[in-house]
Amino acid sequence: MFTSRLLACSALALSVGACAHTPSDTKIESATNNALKAQFDLIQTRVYREGPYAVFEHSVRDGAGALKPNAIGQLAGSDVFSYVWPTSLNSSAVGFAADQGILAFVLTAHPDFDDTPKFDENADGKFDNDGDLWHSHWVVLTPDEQCGPGALKVKDIPAGAHPDLPATWPGLPLFIDSPGYEPELKGEQVRARVPLKDMGFPEAFQYDGVTAALRVNVNVHSPLLCVTNVWDVASGDLSLPATYAPK
């Protein structure tokens, strides 16, 4: 949970289990932490180019994607498990209004609601029943004390506001995009390929890695989706030490 320690350990106010890390120019290697569940213990985080794609990748100790939240039967108060890559990219890079906060690529699973209305991930002919499968998002993160001291949230869209949003925005009052990039989670690997054209062909950006839980507000209003528990941060301090620079 968030504690007073988070301010000393992270400029972006995330509470983590340890502050030690081994950064490099193109990836972040992290020490094993047996106090964490293997599925969310980050060993390595990297983002690299593969042809026309940027590949977002985590290595965990074991069982990538095997743990998901328990269903509670309603949206209010439900949990979201996530693998996250915070970046230095401007929010405008993927179609949001500019300068809105921390742009992060995220893979999530949440059995109590579906936020990818344009995609039928389980191929059953329905588009609103597969939130329990791991799927991809772009989100904008900002601090909000209502989520807890020093906590972050997915940025809310105020009632009546009409900011620039990506074409695959799922209609939620949040700075969230549901682009439909198919993730791969198996063994130690968590991976998703993002078309570079959808990111404006960035020449370089900084990034980090996080595993975390979020929760929907029990009153289903702003702040709608808070980060409630951070399990691991690849750098230890969210300093975004690694660089994507394919050239």
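*Asks:* In this structure, what is going on with the packing of aromatic side chains? I would like to understand it.
*Replies:* Each aromatic ring pair is described using two quantities: the centre-to-centre distance and the angle formed by the ring planes. Tallying each qualifying case throughout the model produces 15 aromatic pairs. Aromatic pair F105 and Y181: ring centres 6.4 Å apart, planes at 40°, arrangement tilted. In this pair, F105 is assigned in strand β6 (residues 102–109) and Y181 in the loop between β9 (176–177) and β10 (183–186), connecting sequence segments 76 residues apart. Given a relative accessible area of 11%, Y181 falls into the buried group. An aromatic cluster of at least three residues, connected via ring pairs, comprises F56, W85, F105, W138, Y181, F205, Y207 and Y244. The ring of Y48 carries R46 above its face, with NZ or CZ at 4.1 Å from the centroid. Against the face of F175 rests K155, its NZ or CZ located 5.3 Å from the ring centre.

*Asks:* What's the story with the pattern of salt bridges in this structure? I'm lost.
*Replies:* Side-chain pairs of opposite charge can arise where the charged atoms are in close proximity. For the coordinates displayed, the defined rule picks out 11 salt bridges. Two residues, D198 and K197, come together in a salt bridge whose shortest N-O distance is 3.1 Å. Each of R46, E50, E57, E184, R191 and R193 takes part in a single network of salt bridges with overlapping partners.

*Asks:* Before we go on, may I ask you to explain the nonpolar core in this structure?
*Replies:* In terms of nonpolar packing, the biggest core is built from 36 residues, with F56, F105 and W138 touching the most fellow members. Within the residue set of this core, elements represented by two or more residues are β3 (42–50), β4 (53–60), β5 (79–86), β6, β7 (135–143), β11 (189–195), β12 (205–207) and β15 (242–244). Counting residues in hydrophobic clusters, the runner-up holds 23 residues, among them L141, V154, V216 and V233.

*Asks:* Sorry, what's going on with the side chain of H135 here?
*Replies:* Along the polypeptide, H135 turns up in strand β7. Classification of H135 as buried rests on a relative accessible area of 3%. Here the side chain of H135 touches L133 through a polar contact of 2.7 Å, landing on its backbone oxygen.

*Asks:* I tried to follow the layout of surface pockets on my own but got confused; where do I start?
*Replies:* Gaps between atoms show up when a probe of the same size as a water molecule is rolled over them. If you add up the space inside the largest pocket, you get close to 380 Å³. In terms of lining, the largest pocket is formed by 31 residues, of which the most central are V80, V154, I176, L214 and L225. Going through the elements one at a time, β5, β6, β7, β8 (152–154), β13 (210–216) and β14 (225–233) are the ones with two or more residues in the lining of the largest pocket. Per-class residue counts for the lining of the largest pocket are 25 nonpolar, 4 polar and 2 charged.

*Asks:* Whenever I open this one, the environment of I43 confuses me. Can you help?
*Replies:* By secondary structure assignment, the location of I43 is in strand β3. As a C-alpha pair, I43 and S59 span 16 residues in sequence and 5.4 Å in three-dimensional space.

*Asks:* Looking at this model, I keep getting lost on the pairing of β7. Mind explaining?
*Replies:* Note on strand geometry: in a regular strand, side chains alternate between the two faces of the sheet. Most of β7 sits out of view: 8 of its 9 residues are buried. Where β6 lies against β7, 7 bridges are found, and the strand directions are antiparallel. Looking at β7, one finds that L107 is bridged to S136. Relative to β9, β7 runs antiparallel, the two sharing 2 bridges. Bridge pairing links V139 to I176 in β9.

*Asks:* Looking at this structure, I do not really get the state of the cysteines. What am I missing?
*Replies:* Among covalent bonds in proteins, the disulfide is the one between the sulfur atoms of two cysteines. Under the defined criterion, the tally for this structure stands at 1 disulfide. Here C147 engages in a disulfide with C226; their sulfurs sit 2.0 Å apart. Given an S-S torsion of about -65°, the disulfide between C147 and C226 has left-handed geometry. With C147 in the loop between β7 and β8 and C226 in strand β14, the pair connects residues that are 79 residues apart, well separated along the chain.

*Asks:* Just to check I follow, could you spell out the environment of I72 for this structure?
*Replies:* Within the secondary structure, I72 sits in the loop between β4 and β5. A sequence separation of 40 residues divides I72 from D112, and the C-alpha atoms of the two residues are 6.7 Å apart. If sequence neighbours within four positions are ignored, I72 has contacts with G77, S78 and D112.

*Asks:* Help me understand unusual backbone geometry, please; the structure alone is not making it clear to me.
*Replies:* Negative phi characterises most residues that are not glycine, and trans characterises most peptide bonds. Between S222 and the following residue, P223, the backbone shows a cis peptide bond with an omega angle of -5°. Examined against the element boundaries, P223 turns out to sit in the loop between β13 and β14. Residue L238 is not a glycine yet carries a positive backbone phi of 55°. Inspection of the secondary structure assignment puts L238 in the loop between β14 and β15. On the basis of relative accessibility, which here comes to 5%, the residue L238 falls in the buried class. Of note in this structure, L240 is not a glycine but carries a positive phi near 50°.

Definitions and limits used
- Residues numbered from 1 in each chain as written.
- Predicted model: local features only at pLDDT ≥ 70, side-chain atom pairs only at ≥ 80, totals over all residues.
- Heavy atoms only, no water.
- Phe/Tyr/Trp six-rings, centres within 6.5 Å; stacked < 30°, edge-to-face > 60°.
- Helix = DSSP H or I, 4+ residues; strand = E, 2+ residues; numbered from the N terminus.
- Buried < 20%, exposed > 50% of the residue type's maximum accessible area, 1.4 Å probe, protein only.
- Lys NZ or Arg CZ within 6 Å of the ring centre and 35° of its normal.
- Salt bridge = Lys/Arg side-chain N within 4 Å of Asp/Glu carboxyl O.
- Core = buried A, V, L, I, M, F, W, Y, C linked by side-chain atoms within 4.5 Å.
- Polar contact = N/O pair within 3.5 Å; in protein donor to acceptor, adjacent residues only side chain to side chain.
- 1 Å grid on protein atoms, 1.4 Å probe; cavity = no way out; pocket = protein on both sides within 12 Å on 5 of 7 lines; lining within 4 Å.
- Points joined across faces, edges and corners; volume = space filled by probe spheres on them.
- Nonpolar A, V, L, I, M, F, W, Y, C, P; charged D, E, K, R; others polar.
- Pairing = 2+ DSSP bridges.
- Disulfide = S-S within 2.5 Å.
- Contact = heavy atoms within 4.5 Å.

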